[in-house]
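Notes for the structure review
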Amino acid sequence: MSLVMANGSAIEWTDATWNPVTGCTKISPGCKFCYAERLTLRFGRGPFGQLRLHPDRLLLPLRWRAPRRIFVNSMSDLFHERVPDDYIERVIAVGRLAPQHVFQILTKRADRLLQWSAGVKVPPNVWLGVSIESARYIWRADRLRDVDAAVRFISAEPLLGSLRDLDLTGIAWVITGGESGGNPARALVEAWDGGWRPKREAVMWVRELREKCRRAGVAFFHKQWGGPRPTSGGRLLDGLVWSEMPGAHEKSDGCSSSRLIRSQNVAAVSDLLAKTR
Ligand code: SF4
C-alpha cells in the first residue's frame, strides 16, 4: 500500500487518500493505538513523531479527472502545530483548483483549526471535520461549529464512550467506528460463537448517535465495529448498513472541471507550483 496516495482506499467513507504531510504526535486517548503510526512503522517509514511536509505531492489530486472523495492526511493531522499556516493554505488551494473532488479533512486539533480558519474562505468541496472519541472531547464540535465551511463533520472513531451530550447544530455528517487492533477493553466488540459481536454498551452508544442524527437531519455513517481487525465485527447496526453522506456539495463534472483547471486556473497552478519549490 502506498502511503502517499491510495487510489481506492479501504476506508469506507472515502475513495482515496492523499498525504501532503506525514507523521504526527499523540494528543488524546483516541490516538493511543494510532493506525497511521502502526502503518508507518510497518512500512519502515518512521519515526512517526517526525512530522514531514511533502510539497512534491501537493499537485497530485489535480491529475485526477474523475471526481472522488479524497481523505486528506490519513497519515497525519493537517492542523498539527508544526504544519505552517501557509502550507495549510496551499493544501486548501489544491481543493479550490480541483472542484471535481471532495476533500475530507479531519483533525483532533480543533483549536488550531478555528484559529487558522479566521478570515479564510474555505471552498465548498473542502469538508472539515473533528475527531471525538469520548464526552471529554465534545468541545471540539463547538470549535468546528465556529468554522465557516459548507460541510462540517464529526468522526466518532475510535468511539470510547457515550456522546449523549454532543450538540449536532451546524454539523452535516457523523461517522462512528470502533477501534481495531487495540486493547480489548477499549474495543466495541467481544468474542462470541467463534466470531465477534458488538458489546451491549457499544450498541447503545452508536444507537444514541444514530438517533441524534435522525432527529437533527444529519447524515449518519457507521463505518465499522472493529476488533482485532477493522472488519472483525462487521458494519451492521440493527441489521442494516448505515452509509449516509452529506448532500450539501454537488460534485461537478470531472471533465469540465479539468478543462477549467487547464484554461482558467493556469496562473493559480503556476503560482502554487512556484510556492512549493
Ligand atoms: S492525531 Fe490522528 S494521526 Fe495524529 S497521532 Fe492522533 S490518531 Fe494518529
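Residues numbered from 1 in each chain as written. Predicted model: local features only at pLDDT ≥ 70, side-chain atom pairs only at ≥ 80, totals over all residues.

Some details on the overall build of the protein
- Tallying secondary structure elements over the protein gives 7 helices and 12 strands in all.
- The buried share among the 277 residues of the protein stands at 39%.
- Excluding contacts between residues fewer than 6 apart, the proportion of contacts in the protein whose partners are at least 24 apart in sequence is 72%. (Helix = DSSP H or I, 4+ residues; strand = E, 2+ residues; numbered from the N terminus. Buried ≥ 20, exposed ≤ 12 C-beta atoms within 10 Å, placed from the backbone. Contact = placed C-beta atoms within 7 Å.)

Regarding the site of the ligand
- As a matter of local geometry, the ligand sits amid C24, K26, I27, C31, C34, A36, E37, S76, D77 and K108.
- Per-class residue counts for the shell around the ligand are 5 nonpolar, 1 polar and 4 charged. (Near = placed C-beta within 6 Å. Nonpolar A, V, L, I, M, F, W, Y, C, P; charged D, E, K, R; others polar.)

As for the nonpolar core
- W127, F153, I171, W173 and V174 are the most contacted members of the largest nonpolar core, which totals 56 residues.
- Setting aside its immediate chain neighbours within four residues, V174 contacts F153, I154, A156, L209, C213, V218 and F220. (Core = buried A, V, L, I, M, F, W, Y, C linked by C-beta atoms within 7 Å.)

Structural notes on the pairing of strand β7 (residues 126-131)
- In terms of residue burial, β7 counts as a mostly covered element, since 6 of its 6 residues are buried.
- Residues V126, L128 and V130 line one face of β7 and the alternating positions W127, G129 and S131 line the opposite face, and both faces are buried.
- Crossover strand β6 (residues 102-107) to β7 through helix α3 (residues 110-117) is right-handed.
- Across 4 bridges, β7 lies against strand β8 (residues 152-156) in parallel orientation. Following the sheet pairing, G129 is matched in β8 by F153. (Right-handed = clockwise from strand over helix to strand, strands pointing away. Pairing = 2+ DSSP bridges.)

Observations concerning unusual backbone geometry
- For the bond running from E157 to P158, omega is 0 degrees, close enough to zero to count as cis.
- The phi dihedral of N73 falls on the positive side, at around 65 degrees, and the residue is not glycine.
- Mapped onto the fold, N73 is located in the loop between β5 (69-72) and α2 (85-97).
- In the Ramachandran plot, D193 falls in the positive-phi region, its phi being about 55 degrees despite a non-glycine side chain.
- Checked against the element boundaries, D193 lands in the loop between β10 (189-192) and β11 (195-198).

Some words on the environment of I11
- Topologically, I11 is positioned in the loop between β1 (5-7) and β2 (16-18).
- Overall, the presence of 19 C-beta atoms within 10 Å leaves I11 in the partly exposed class.
- Spatially, the C-alpha atoms of I11 and Q224 are 9.8 Å apart, while their sequence positions differ by 213 residues.

Brief notes about α3
- Regarding α3, the residues found buried are A110, L113 and S117. What you see down the axis of α3 is that its buried residues fit within an arc of 55 degrees, all on one side.
- Summarising the contacts, the buried residues of α3 are in contact with β6, β7 and α4 (139-145).
- Note on α3: the residue one or two positions beyond its end, G119, has a positive phi of about 80 degrees. (Arc of directions from axis to C-beta.)

A closer look at the environment of V206
- You can see V206 is positioned in helix α5 (residues 200-216).
- Take V206: there are 25 C-beta atoms within 10 Å of it, and that puts it in the buried class.
- The residues touching V206, leaving out its near neighbours within four places in the chain, are L159, T176, H222 and L237.

Some thoughts on the confidence of the model for the protein
- Per-residue confidence for the protein gives a mean pLDDT of 89, with 86% of residues at or over 70.
- Every residue in residues 249-266 is under pLDDT 50, and counting partners more than four places away or in other chains gives 26 contacts. (pLDDT = per-residue confidence, 0-100.)

Quick look at the environment of L106
- For L106, the location among the structural elements is in strand β6.
- Dropping the residues within four chain positions of it, L106 is found in contact with G129, S131 and S155.

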